[in-house]
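# Notes for the structure review
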Amino acid sequence: MRDEALIAGLLAKREELNRENAELRERMAILANDIEAIDRVLDTCGFKGELEGKTPRAARIVLFYRNELRDYLLAELRKSPEPLTARQLACLVCQTEGKDSSDRRLITDVTRRVGSALRKMRASRMIEGERTQAGQVWQPRVSTDT
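Keep in mind that this is a model prediction, so the values were computed, not measured.

Each value, and the rule that gives it
- Residues numbered from 1 in each chain as written.
- Predicted model: local features only at pLDDT ≥ 70, side-chain atom pairs only at ≥ 80, totals over all residues.
- Heavy atoms only, no water.
- Salt bridge = Lys/Arg side-chain N within 4 Å of Asp/Glu carboxyl O.
- Helix = DSSP H or I, 4+ residues; strand = E, 2+ residues; numbered from the N terminus.
- Expected span 1.5 Å × (residues − 1).
- Pairing = 2+ DSSP bridges.
- Contact = heavy atoms within 4.5 Å.
- Axes fitted to C-alpha atoms, helices over the stretch in contact; angles between N-to-C directions.
- Left-handed = near helix turned anticlockwise from the far one by under 90°.
- Nonpolar A, V, L, I, M, F, W, Y, C, P; charged D, E, K, R; others polar.
- Buried < 20%, exposed > 50% of the residue type's maximum accessible area, 1.4 Å probe, protein only.
- pLDDT = per-residue confidence, 0-100.
- Core = buried A, V, L, I, M, F, W, Y, C linked by side-chain atoms within 4.5 Å.

Taken as a whole and assessed by the stated rule, the structure comprises nine salt bridges. Between Arg40 and Glu36 there is a salt bridge whose closest N-O contact spans 3.3 Å. Of the two residues, Arg40 and Glu36 are both situated in helix α1 (residues 2–44); the distance of four residues between them amounts to about one turn of the helix. Salt-bridge contacts for Glu128 lead to Arg141; the nearest nitrogen and oxygen are separated by 3.9 Å.

Further remarks concern α1. Between the first and last C-alpha of α1 there are 63 Å, a value that for 43 residues agrees with the 63 Å anticipated at 1.5 Å per step. Count one or two residues on from α1 and you reach Gly46, which has phi positive near 95°.

Turning our attention to the sheet that holds strand β2 (residues 127–132). Strand pairing in a sheet is mediated by backbone hydrogen bonds. Such pairs are either parallel or antiparallel. Read from one edge to the other, the open sheet built from three strands follows the order β1-β3-β2, with strand pairing classed as antiparallel. The sheet is open, and its two edges are formed by β1 (84–85) and β2, each paired on a single side. Each of β1, β2 and β3 (135–140) is contacted by helix α2 (residues 68–79), which is oriented at about 90° to β3, the strand it contacts most.

Two numbers describe how helix α3 (residues 86–97) lies on helix α4 (residues 104–123): the axes approach to 8 Å, and their chain directions differ by 115°. Where α3 crosses over α4, the two elements pack in a sense that is right-handed. Of the residues in α4, those in contact with Ala86, Arg87, Leu89, Ala90, Cys91, Val93 and Cys94 of α3 are Leu106, Ile107, Thr108, Val110, Thr111, Val114, Gly115 and Leu118. Tallied by class, residues from the contact of α3 with α4 come to 11 nonpolar, three polar and one charged.

It is worth spelling out the environment of Asp103 at this point. In this structure, Asp103 sits in the loop between α3 and α4. Since its relative accessible area comes to 32%, Asp103 is described here as partly exposed.

Here we take up the confidence of the model for the protein. Residue-level pLDDT values for the protein average 84, and 90% of them are 70 or greater. Averaged pLDDT values for the elements of the protein fall to 86 in α1 and rise to 93 in β1.

Another point: the nonpolar core. Counting 20 residues, the largest nonpolar core has Leu73, Leu77, Leu89, Val110, Val114, Leu118 and Ile127 as the members making the most contacts within it. Those elements that provide at least two residues to this core are α2, α3 and α4. Among the elements that make up this core, the one with the highest residue count is α4 (seven residues). Those residues in contact with Leu77, other than ones at most four positions away along the chain, are Leu84, Leu89, Leu118, Ile127, Trp138, Gln139 and Pro140.

In structure tokens form, the structure reads like this:
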């Protein structure tokens, strides 16, 4: 009986700490974005000094080259037994490339690129999309040419 109370208390404390950890991560991401914005303004204003912790500016992360993303997405959709969302596909891209899938900024960027590629693939009639409760889901187009 005492063990159940102990377990319940530990589970409650664990959930509280997880919530606090998520809030702190979110706050750190906001602060990092603010610092990066200030660094860009300093660069624009002509500041040439060294800044502690300044990250070098990169244009964009090149994950795939011409048509590689399209081919990868099509292969993943064909392998999957059910339709996938752009976010699910973006997480697969990050896992494949060995990137941190918990990085919200990276996932948002990759999801945007995946979504754009999926819309172009739909326009080319390679895949089809359907709006569901989970959001827009995508699957390979079933060929009716017979």
